[in-house]
Amino acid sequence: KNEVEQSPQNLTAQEGEFITINCSYSVGISALHWLQQHPGGGIVSLFMLSSGKKKHGRLIATINIQEKHSSLHITASHPRDSAVYICAVPNSGGSNYKLTFGKGTLLTVNP
Amino acid sequence: EADIYQTPRYLVIGTGKKITLECSQTMGHDKMYWYQQDPGMELHLIHYSYGVNSTEKGDLSSESTVSRIRTEHFPLTLESARPSHTSQYLCASSRGTATDTQYFGPGTRLTVL
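Since we're looking at a predicted model, the values are computed, not measured.

J.: Talk me through the environment of A:Gly102; I want residue IDs and the actual numbers.
T.: You can see A:Gly102 is positioned in the loop between β10 (99-101) and β11 (105-110). Spatially, the C-alpha atom of A:Gly102 lies 9.9 Å from that of A:Trp34, the residues being 68 residues apart in sequence. A:Gly102 has contacts with A:Val4, A:Gln6, A:Ile86, A:Cys87 and B:Glu42, leaving out every residue within four places of it along the chain.

J.: Help me get a handle on the state of the cysteines, residues and values and all.
T.: In the structure shown here, the tally under the stated rule is 2 disulfides over all chains. At a sulfur-sulfur separation of 1.9 Å, the disulfide partner of A:Cys23 is A:Cys87. A torsion of -60 degrees about the S-S bond marks the disulfide between A:Cys23 and A:Cys87 as left-handed. Note that A:Cys23 is positioned in strand β3 (residues 19-25) and A:Cys87 in strand β9 (residues 83-90), a separation of 64 residues in sequence. Take A:Cys23 and A:Cys87: they sit in the same class, and that class is buried. The disulfide partner of B:Cys23 is B:Cys91, and the gap between their sulfur atoms is 1.9 Å.

J.: Kindly report on unusual backbone geometry, identifying the contributing residues and their values.
T.: Note that the residue after A:Ser7, namely A:Pro8, is joined by a cis bond; omega there is -10 degrees. With an omega of -10 degrees, the peptide bond running from B:Thr7 to B:Pro8 counts as cis. When you line up the elements, B:Pro8 lands in the loop between β1 (4-7) and β2 (10-13). Look at A:Lys68: it is not a glycine, yet its phi comes out positive at around 55 degrees. Assignment of secondary structure puts A:Lys68 in the loop between β7 (59-64) and β8 (69-74).

J.: Report on the pairing of β8(A), specifying residues and quantitative values.
T.: Residues and elements named next belong to chain A. Of all 6 residues in β8, 5 are buried; the element is thus mostly enclosed. For β7 and β8, the ladder comprises 6 bridges, and the chain directions are antiparallel. Pairing of Leu-59 across the sheet is with Ile-74, part of β8. With antiparallel pairing between neighbouring strands as the criterion, β7 and β8 make up a hairpin whose turn holds 4 residues, including Lys-68 at a positive phi of roughly 55 degrees.

J.: Describe the nonpolar core, with residues and values.
T.: Residues A:Leu32, A:Trp34, A:Phe47, A:Leu49, A:Leu72 and A:Tyr85 are the most contacted members of the largest nonpolar core, which totals 22 residues. If you list the elements that add at least two residues to this core, you get β3, β4 (32-37), β5 (43-49), β7, β8, β9 and β11 of chain A. For A:Leu32, the contacting residues outside a window of four places in its chain are A:Cys23, A:Tyr25, A:Phe47, A:Met48, A:Leu49, A:Ile63, A:Ser70, A:Cys87, A:Ala88 and A:Val89. Within the second largest apolar cluster, 18 residues are counted, among which are B:Ile46, B:Leu78, B:Cys91 and B:Leu110.

J.: Before we move on, can you summarise the packing of aromatic side chains with the specific residues and values?
T.: By the definition in use, this model includes 5 aromatic pairs over all chains. Taking 5.2 Å as the distance between ring centres and 85 degrees as the angle between the ring planes, the aromatic pair formed by A:Phe101 and B:Tyr35 counts as edge-to-face. Here the residue A:Phe101 occupies a position in strand β10, and B:Tyr35 occupies one in strand β4 (residues 31-37), the pair thus bridging two chains. For the ring pair B:Tyr48 and B:Tyr50, a centre distance of 5.7 Å and an interplane angle of 35 degrees mean the geometry is tilted. Here the aromatic residues A:Phe101, B:Tyr33, B:Tyr35, B:Tyr48, B:Tyr50 and B:Phe104 are joined through ring pairs into a cluster of three or more.

J.: Just give me the short version of the interface of chain B and chain A, but keep the residues and values in it.
T.: Across the contact, 23 residues belong to chain B and 21 residues belong to chain A. Both sides of the chain B and chain A interface together cover about 1900 Å² of buried area, and 55% of this is carbon and sulfur. Where chain B meets chain A, there are 2 salt bridges. In this structure, B:Asp59 and A:Lys98 form a salt bridge, with 3.0 Å as the shortest nitrogen-oxygen distance. Elements with a minimum of two residues in the side of chain B that touches chain A: β4, β5 (44-51) and β9 (87-94) of chain B. Looking at the side of chain B that touches chain A element by element, the count peaks at 3 residues for β4(B). Of the residues in the side of chain B that touches chain A, the class split is 10 nonpolar, 8 polar and 5 charged.

Cut-offs applied
- Residues numbered from 1 in each chain as written.
- Chains lettered and ligands numbered in written order.
- Predicted model: local features only at pLDDT ≥ 70, side-chain atom pairs only at ≥ 80, totals over all residues.
- Heavy atoms only, no water.
- Helix = DSSP H or I, 4+ residues; strand = E, 2+ residues; numbered from the N terminus.
- Contact = heavy atoms within 4.5 Å.
- Disulfide = S-S within 2.5 Å.
- Buried < 20%, exposed > 50% of the residue type's maximum accessible area, 1.4 Å probe, protein only.
- Pairing = 2+ DSSP bridges.
- Core = buried A, V, L, I, M, F, W, Y, C linked by side-chain atoms within 4.5 Å.
- Phe/Tyr/Trp six-rings, centres within 6.5 Å; stacked < 30°, edge-to-face > 60°.
- Buried area = accessible area lost by both parts, 1.4 Å probe.
- Salt bridge = Lys/Arg side-chain N within 4 Å of Asp/Glu carboxyl O.
- Nonpolar A, V, L, I, M, F, W, Y, C, P; charged D, E, K, R; others polar.

Shown next, in the form of structure tokens:
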């Protein structure tokens, strides 16, 4: 089974700061997901990437397949970015539908 | 905006009751999932369906059961609720496999007294 580690577990920032959240995994993958979970539980898919970099608004996701590492960056952070950010990768072992999820990074952006 | 719905959003119920958590999606996705998430913890897959009349258990053992009689509907049932079933249950769907985007419902927060 693929092991997923996220860091930091908790992150507090001031509005406007540049944020970086990291994700490492143990087994080579074909794609990695970044998800956002707001208080109340709803989860939104932010990115699915298999190489390089993707950008959506103030969010940027990068992945280094060789190093088994991905980062999620938030530029000019805002209090509405406060949420749990979750990294997920396909499970290893032949399954083509299961994801292994990290424990998440709780981001709090203060005004 | 994802077209996937869960009801109820919150449920407080006594031990021994039978409950059904509803999940519906209007995207025509073949793949549907039920996840369980305890506070501060990661999501764990408890059930998976890859089409009508096809379901499998996930990684986390669960006393719940599921059915998939229609593409759009994937209900989860607990025959006899216990306090250990207290958790958040999230339903999701996707077009394809683990490399496709999964769309999540708002979740059902279940409390068993």
